[in-house]
Each structure stands twice: as structure tokens, then as C-alpha cells.
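Structural overview
Here are the chains, one letter per residue:
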Amino acid sequence: MKYVLNLVFLSVLLLMASCHGSRQVQSPTSVPTDPAVQKADLYKKQVAATAVTARALTARIKMDINAAERNVSVGGSLRMKRDEVVQLSLTFLGMEVGRMEFSPENVLIIDRINSQFVRATYDQVSFLRQAGLDFYALQSLFWNELFVPGQHKDEVPLGRFRVSSAGSHTLLSLPDAPKLEYSFLTVTSTALIDRVTVRGKDVSQKGELVWRYGDFTAFDGKKFPSTMSVAVTGLGKDAGFTLSLSRLGTSADWESHTKVSAKYKQRNADDILKRLLSM
């Protein structure tokens, strides 16, 4: 079980190290007059409008992990409060074995098997700082919505997205994002986001993150993916996991932030990452 927990942490840490955020000031845009531009702008608004507006989401999960050439499965739950927290609880035989909690201020990883934890701000963790991980981008990936790294969802400048046709799909991309390319592949008929891809602009950057969505179901009056498949490649050790969600709800009656027992020993996040990558 200790090995299973380590695989889960490794997959998520590789995922986080693949994301990059950059803050930019939103500039005013003029009202388009070209019909093609107007059509593209209308479609971007349709994609943005597909995002659910619920304040909270709760779900039971089954997580299938593929890392270090091994496949394992664990149960658990996903709980989110918008702009506040993304919380993954991992269970085995009905007992919580680990928890990962992401908030705008810090990252918390709890290893209940070994009674240890990590709590650190994003700037205090070197691999997060170097990757420029932004909480709001990570949150948007879990919520299945458009994002611009470094900007709050309510401030996403749709004018920065370039729209291009791709058969039965429509691609929205961010050509002006520095260092990394962000592309959102959507289903044209529904304007739902089907896949998000993040990769380096420089050919020397081999890493790629692909976050796929599927099995959309009714939730809060809209459609929400009940499966999310994440793959990280090109970083030396490929890894990925699939989340299967069930029993989706909107309850916000739960503690947003986990209290860590005084019996738990705090570890250095970089040390834990090196330990996992050396497995």
C-alpha cells in the first residue's frame, strides 16, 4: 500500500511540474466588425458558458494510476470549493491512506501510512516555482473550463484565444503565452472542452501534459465530465491517471482545510519528490 500511495503522489507531482503559469495584464480590445471574427468570438463565449457555476463539487472517485510501468487502483473522493480548495482523498479498504489538498496559498500532501506530511507555499517548493504552477489553472482543469495561466477565471480575456476548425472539433489556443503552448480542443456541436494540451514552444522541451474529458453527465443544470484522463510524457518517466467520478453533488458542508495531527512529521517537499523519482 505504501508503494501504491507513492505512485499516486508521483503521478500528481509530475502533473503539477508540467503546468506553467504567467501573469499578464488584460488589455482592452476593440469591437470586431469582421463576420469571421464575430463568429469566433461568439464561439469562445459559448465555450466559456458551458462551465458549471456551482460553488462546490463533491464526488466519489476511482483512480487508476499508471506510473513506473505499474498499474494500480485506489478509491476515494474529490471535493472542491471554487477559488478555495481542490481536495483529493485516497482510500484503500475503506480507510484513508493519503490526501492531497491544493489551495491558492499552499500545497498539502498527507501520507497517513508513514504519518508524515508536506505543507508549503508554491514559492517554497522549487519544482513548483520553476514550473510556475498556478492554482487557478489547476482548478480550471478539474472544473473543465477555459483558463489563462496566472489569471482568475472571472478575468479570463477571451480575446487572447485563437480559434481554428479541426473537423468536428474546434481548437482554442493561446498563441501569446510565453514558453508553453496551451490548446483547448472542443466539440463544435456542444462547445464542451474535450481535451487540454500543454507543451513547450521550444523543441528542446520534451514534456507534454494531456488532460482528457469524457462521459459527460448532467450536473448543476449543465454537462460535467465523469471521467478525466491525465497523461504526462517526455519528462523521463511517463505517468498518468484516470479519475472516474460518481455520486456528484454540490454540498459545501465540509471542512475546506485539513488539520494535520501533531504526531505527523513534516517532510521537505523536494526531498519527497526526489525519493519518489528515484523509485
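Residues numbered from 1 in each chain as written. Predicted model: local features only at pLDDT ≥ 70, side-chain atom pairs only at ≥ 80, totals over all residues. Heavy atoms only, no water.

Another aspect to go through is the side chain of Ser-103. Structurally, the position occupied by Ser-103 is in the loop between strand S4 (95-102) and strand S5 (106-111). Excluding residues within four positions of it along the chain, Ser-103 makes contact with Glu-84, Tyr-122, Phe-135 and His-257. (Helix = DSSP H or I, 4+ residues; strand = E, 2+ residues; numbered from the N terminus. Contact = heavy atoms within 4.5 Å.)

Another point: the environment of Leu-248. Considering the arrangement of structural elements, one finds Leu-248 in strand S13 (residues 239-249). A sequence separation of 191 residues divides Leu-248 from Leu-57, and the C-alpha atoms of the two residues are 6.9 Å apart. Not counting residues within four places of it along the chain, the set of residues in contact with Leu-248 comprises Thr-58, Ala-59, Thr-217, Phe-219 and Phe-224.

If you look at the biggest cluster of nonpolar residues, it comprises 56 residues, and the most contacted ones within it are Leu-78, Phe-142 and Phe-184. Setting aside its immediate chain neighbours within four residues, Leu-78 contacts Leu-57, Thr-58, Ala-59, Ile-61, Val-86, Gln-87, Leu-88, Phe-142 and Leu-245. (Core = buried A, V, L, I, M, F, W, Y, C linked by side-chain atoms within 4.5 Å. Buried < 20%, exposed > 50% of the residue type's maximum accessible area, 1.4 Å probe, protein only.)

The next point concerns the packing of aromatic side chains. Considering all chains together, one arrives at 6 aromatic pairs under this definition. Here the aromatic rings of Phe-142 and Trp-211 are separated by 5.1 Å at their centres, their planes lie at 80 degrees, and the arrangement is edge-to-face. Here the residue Phe-142 occupies a position in helix H4 (residues 135-143), and Trp-211 occupies one in strand S11 (residues 208-219), the gap between them amounting to 69 residues. Of the residues examined, Trp-211 reaches a relative accessible area of 0% and is grouped as buried. Taken together, Phe-147, Phe-161, Tyr-182 and Phe-184 form an aromatic cluster joined through their ring pairs. (Phe/Tyr/Trp six-rings, centres within 6.5 Å; stacked < 30°, edge-to-face > 60°.)

Helical periodicity: at 3.6 residues per turn, an α-helix aligns residues three or four positions apart in one direction. Within H4, 8 of the 9 residues are buried, leaving the element largely enclosed by the surrounding structure. Just past H4, the residue Asn-144 takes up positive phi, approximately 60 degrees.

The first and last C-alpha atoms of helix H2 (residues 35-49) sit 21 Å apart over 15 residues, in line with the 21 Å expected at 1.5 Å per residue. All of the buried residues in H2 are Ala-40, Tyr-43, Lys-44 and Val-47. Projection of H2 onto a plane perpendicular to its axis shows the buried side chains occupying an angular sector of 105 degrees, all on one side. Those residues of H2 that are exposed and angled more than 90 degrees off the buried face are Pro-35, Leu-42 and Lys-45. Each element contacted by the buried residues of H2 is listed here: strand S7 (162-166), strand S8 (169-173), strand S9 (180-187) and strand S10 (192-200). Where H2 begins, the side chain of Asp-34 points an oxygen toward the backbone nitrogen of Ala-36, at a separation of 2.8 Å. (Expected span 1.5 Å × (residues − 1). Arc of directions from axis to C-beta. Polar contact = N/O pair within 3.5 Å; in protein donor to acceptor, adjacent residues only side chain to side chain.)

A word on the confidence of the model for the protein chain. Summing up the model confidence of the protein chain, the mean pLDDT is 82 and the portion of residues at 70 or higher is 80%. Averaged pLDDT values over the elements of the protein chain bottom out at 50 in helix H3 (residues 126-131) and peak at 96 in S8. Here residues 18-27 is a poorly scored stretch, pLDDT under 50, and it has 39 contacts once near neighbours within four places are set aside; other chains count. (pLDDT = per-residue confidence, 0-100.)

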